[in-house]
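Structural overview
If you want the building blocks of each chain, they are given just below.
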Amino acid sequence: MQVRDHSVSLRLAAEARFILLVQGVVEQGAAAFGLDRGKALRLTMAAEELLSHLAETSAGVAVDLTLTPGGWCVRADFSFVADPSDLWAMNLAAREDIGPGRSMDRLGLLLAARMSDGFEIRLDGRVVHLELRQDHAYEAVTPRPVRAADARGEVRVVDDPEPALIREACALAVDHYPAHLVNETFFTPGKAVQMADRGDMTVALAVDGTGAPAGLMTWRSPSERSVGFCGPYVFVRGGGTAGKLEEWMFAAVARTRAVSLFSELATADLTAENYELLGRLPLGRPGLRGAMPADGAGQEGVELDILFRHLREDSGRAVWTHPALRPFLEAAYDQLVLMRDIREVDHAGADLPERSVFSARLRPELGIATLAPMVAGRDADQAVADHVRTLTHDGYRSILFRLDLAHGWQAALAGSLVRGGFAPRLVLPDAGKSDMVVFLHG
Amino acid sequence: MADLDLRRLVPAHVRSFESYRPSNPDRELMRLYGVDHLHRLNNNENALGPPPAVREAVESFPSGVVTVYPNGDCFDLRHSLAGRFGKDPERFLVGNGSCEVIASVIKAFCGEGDNIVTADRTFAVYEWVAEFSGIKARLIPLRDMAFDPRGMLDAMDERTKILFVCNPNNPTGTYWDRATMDAFLDEVDGRAVVVIDEAYFEYVDREDYPDGMALMERHPNVIVFRTFSKMYALAALRVGYLCGSAAVVDMVRRTHVVYSVNTLAQRCAEAALRDDAPFIAATRTMVREARERLCPMFDAMGLEYIANEGNYLMVRVPMPDTLMYRKLMREGIMVRTMTGFRFPNWIRVSLVQGPVMEDFCRAFRRVLDKTA
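Here the residue numbering is sequential within each chain, running from 1 through the sequence in written order. Each chain is given a letter, starting from A, and each ligand a number, starting from 1, according to the order in which they appear as written. In view of the model being predicted, local features appear only for residues whose pLDDT reaches at least 70, and side-chain atom pairs are presented and counted only at 80 or more, with totals across whole chains, interfaces and linings using the full set of residues. No hydrogens and no water enter the side-chain calculation; it runs on all heavy atoms of the structure.

This paragraph deals with the interface of chain B and chain A. Taken residue by residue, the interface counts 36 residues in chain B and 28 residues in chain A. Salt bridges are defined as contacts in which a side-chain nitrogen from Lys or Arg sits within 4 Å of a carboxyl oxygen from Asp or Glu. Taken together, the connections running from chain B to chain A amount to six salt bridges. What qualifies as a polar contact is a pair of N or O atoms within 3.5 Å, subject to a donor-acceptor requirement within protein and to the restriction that residues adjacent in sequence count only when both atoms come from side chains. Between chain B and chain A we count 17 residue pairs in polar contact (both at pLDDT 80 or more) in total. Secondary structure elements follow DSSP: runs of H or I of four or more residues count as helices, runs of E of two or more count as strands, with numbering from the N terminus. Looking at the side of chain B that touches chain A, the elements with two or more residues in it are α3 (26-33), α7 (125-132), α14 (321-329) and β12 (336-337) of chain B. It is α14(B) that provides the largest number of residues to the side of chain B that touches chain A, a total of six residues. Of the residues belonging to the side of chain B that touches chain A, the class tally is 14 nonpolar, eight polar and 14 charged. Residue contacts are defined here by distance: any two heavy atoms, one from each residue, within 4.5 Å place the two residues in contact. Three categories are distinguished: nonpolar for Ala, Val, Leu, Ile, Met, Phe, Trp, Tyr, Cys and Pro, charged for Asp, Glu, Lys and Arg, and polar for the others, with Gly belonging to the last.

Next comes the structure, spelled out in structure tokens:
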């Protein structure tokens, strides 16, 4: 029998004597999966810190470690039974509570979070799944001055585009569009190719009659029910490139399990009548990466349109809300003509874990941070305030927080968010398990 | 107890398949959308209701019969169909709607590594059943909104077992005329089974429209699908059937679920065939008048539409079809969104009685006026 994904698995007890074993497996496994030495060591140290933390807080508990190559990354996934709120030190804001003169017992966890290119915590009953991710190193491209030319011959979308064509198109997107509208992956075209190869990102690529790239559009599935797209990026005048790319995307996703299609980064080239405008979000510090665009996008006050379309008929459902969120939701659903039974939830906090854990997706080059709850604890108000303080200190000017209204415990966090200076800005229909609400700070 | 390892137990092609989720019951939709009525224009049902003989069959259905299993292979109904079409009863196979006979045909002819060929923008069930059975569906783009015979033939290889031709096509209403169908069948030359889905057969009143029941006598690889759901308004009872050569049907029968069609459905289907000419004529008139009512409105509004055969038409709206659906639902009108048929921003509308069409027109105009 052949091993399909070439992953390496290990089951062990959370005890200090196994730290060396974990170090060896992760370091050598990551190297075998192609991570360069520096990256492999960072993942090794993060895994070591995590096991060390578990040995102290949940001694003897069974830990399943799986190391998996992801094409453009290597993932180390830990599964164990534990109190999830023990993981609070993975919060971005935890550094204020940890360090010399303060608590040291969570320092390892803090380091593990910081040494990873990404981490994710999810709960499956009482089992915590904690995934640390380390990306391969890729060469980055920078924008070059460029001007769109007329399309030569008929523009068409190609099946299964060549890697070299994808690389070229990514670089062209960087050249043609302001940085804040470009999928961050395009800045490292090699990574974009491997993400496409792994199916972590789908690419629609248009060429003109000469075979030269005419346009590009990408999408991914941030959840089972949703598709997020970037683009369309158009490099030629004429040829109906944007419409062809969009139609290609609709055909590709229309019969999948996705229910909603969203813009993650919508360019002005898209066909407006294909979408519903959900709202606009301010960008933190647009244009910091690469050259300042000529269209004024590098100035203050730039907002990003958030667009969507349903892929199926909406037959309504129930969502949870905190009382503070209800008026906003009622107005938003009415405007979107979305039928929802809105049910209120307001945790008094009695049955909550002690500490909260929030995930964070950071775009430092744009100054945007997007938070989402993984664990909501009794310290939610404080955790929200700590995150805002930390992110503001680090220069993030747009701090977003997303709640999935399928979960009462997430909806209940709206109270803490409002008290912490957040305001709801838009509803993303079916973006998570149910609709998501996006809050903006300030 | 150990966790159930569905990743190991369930084949990959099933795990990756998205199950179809039918819409909520009307009463629930009406409550959510805050309307006191709902015109169903989404499923191409015959709004005239079933023929009079069917009503009588329903009203006289004895309750004592419900304790007895139905006839497992629809004996009486098959004989009625045989009498109607002048064929041996063994050449008919009845299923719980056409979806079941589609599944039976694919099970009968396709194994691992085989493929089917059909259009990319047609009735989705051919593709769905193939994919969840682990069979590759080769989808050929429509040409001028119609099935492309050349494209389908070119897509065939030695592993192609079935070609599905929806004639007329749902949702574009286009059809292959007799010459096109003949040429296609000649070129297939018995290398694969050709399913001609004639779900909307009774709605077509064209001289050059080919009758699959006749074609199969010259082409033993032809299977014809028909249904009692569309013209005869028995959608709730789920009765579809196929007809083919005795040898082909014998193979399909081996994979088919018996007892899947209940007794009331069998009796009503039989009744529907009795003296159906006046009912079919009345339905065709209703559909023609509805088409003549809607098309001028779309023309006046400058909207692109496709109104061909069948009891439906499609119109392209200047917004996502799914948004149009929600706005029309708030007006008590339910249409079919077409993104899933790979016609983004198009809606499909069933053609029904005049007063309902008037309601649709008013609601449609109101929604677009608001949008403008």
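Here the focus is the side chain of B:Thr339. You can see B:Thr339 is positioned in the loop between β12 and β13 (346-350). Given a relative accessible area of 1%, B:Thr339 falls into the buried group. Looking at B:Thr339, its side chain comes within polar contact range of the side chain of A:Arg309, at 2.8 Å. With sequence-adjacent residues up to four places away left out, B:Thr339 is seen in contact with A:Ala254, A:Arg309, A:Leu311, B:Asp321, B:Pro344 and B:Asn345. Here's how the labels work: a residue is buried when its accessible area is under 20% of the maximum for its type, exposed when over 50%, partly exposed in between, all with a 1.4 Å probe on protein chains only.

Residues and elements named next belong to chain A. The sheet built from five strands is open, its strands ordered β1-β2-β3-β5-β4 with antiparallel pairing. This sheet does not close on itself; its edge strands, each paired only once, are β1 (8-13) and β4 (118-124). In this sheet, neighbouring strand axes are inclined to one another by 15° on average, regardless of whether the strands run parallel or antiparallel. Bridge count between strand β2 (residues 62-69) and strand β3 (residues 73-81): six bridges; the pairing is antiparallel. When the bridges of β3 are listed, Pro69 appears paired with Val74. Fitted lines through C-alpha atoms serve as axes, helices being fitted only where they are in contact, and the angles separating the N-to-C directions of these axes extend from 0 to 180 degrees. The sheet strands contacting helix α2 (residues 37-57) are β1, β2, β3 and β5 (127-135), and the helix crosses β5 at an angle near 160°. Here, any two strands with at least 2 DSSP bridges between them count as paired.

Residue and element names in this part refer to chain A. Averaged over all residues, the pLDDT of chain A equals 86, while 87% of them reach at least 70. No element of chain A has a lower mean pLDDT than helix α3 (residues 107-115), which averages 63, and none a higher one than strand β8 (residues 202-207), which averages 97. Per residue, pLDDT measures the predictor's confidence, with a range of 0 to 100. Confidence drops under pLDDT 50 across residues 287-299; counting only partners more than four residues distant or on other chains, this segment forms 23 contacts.

All names here are of chain A. Within the element layout of this structure, Leu10 appears in strand β1. Taking the C-alpha atoms as reference, Leu10 lies 8.2 Å from Val63; in sequence the two are 53 residues apart. Other than its neighbours up to four places away in sequence, Leu10 contacts Leu21, Val22, Val25, Val63, Asp64 and Leu65.

Glancing now at the pairing of strand β2 (residues 92-95) of chain B. Residues and elements named next belong to chain B. Here β2 shows a buried face lined by Phe92 and Val94 and a second buried face lined by Leu93 and Gly95. Two strands pair when backbone bridges link them, and β2 and strand β8 (residues 240-243) are joined in this way by four bridges, in the antiparallel orientation. Residue Val94 lies in a different strand from β8, and its bridge partner there is Tyr241.

Packed helices, taken two at a time, are described by the angle between their axes plus the distance between the axes. Residues and elements named next belong to chain B. It is at 10 Å that the axes of helix α6 (residues 98-109) and α7 come closest, and there the two elements cross at 45°. On the basis of the axis angle, α6 is oblique to α7. Handedness of the α6/α7 crossing: right-handed. Packed against α6, whose contacting residues are Cys99, Ile102, Ala103 and Ile106, the element α7 presents Val125, Tyr126, Val129 and Ala130 at the interface. Classifying every residue of the contact of α6 with α7 by side-chain character gives eight nonpolar, no polar and no charged. Throughout, the term roughly parallel applies to angles under 35 degrees, roughly antiparallel to angles over 145, roughly perpendicular to angles from 65 to 115, and oblique to all others. Helix crossings fall into two classes, left-handed where the near helix is turned counterclockwise from the far one by less than a right angle and right-handed where it is turned clockwise.

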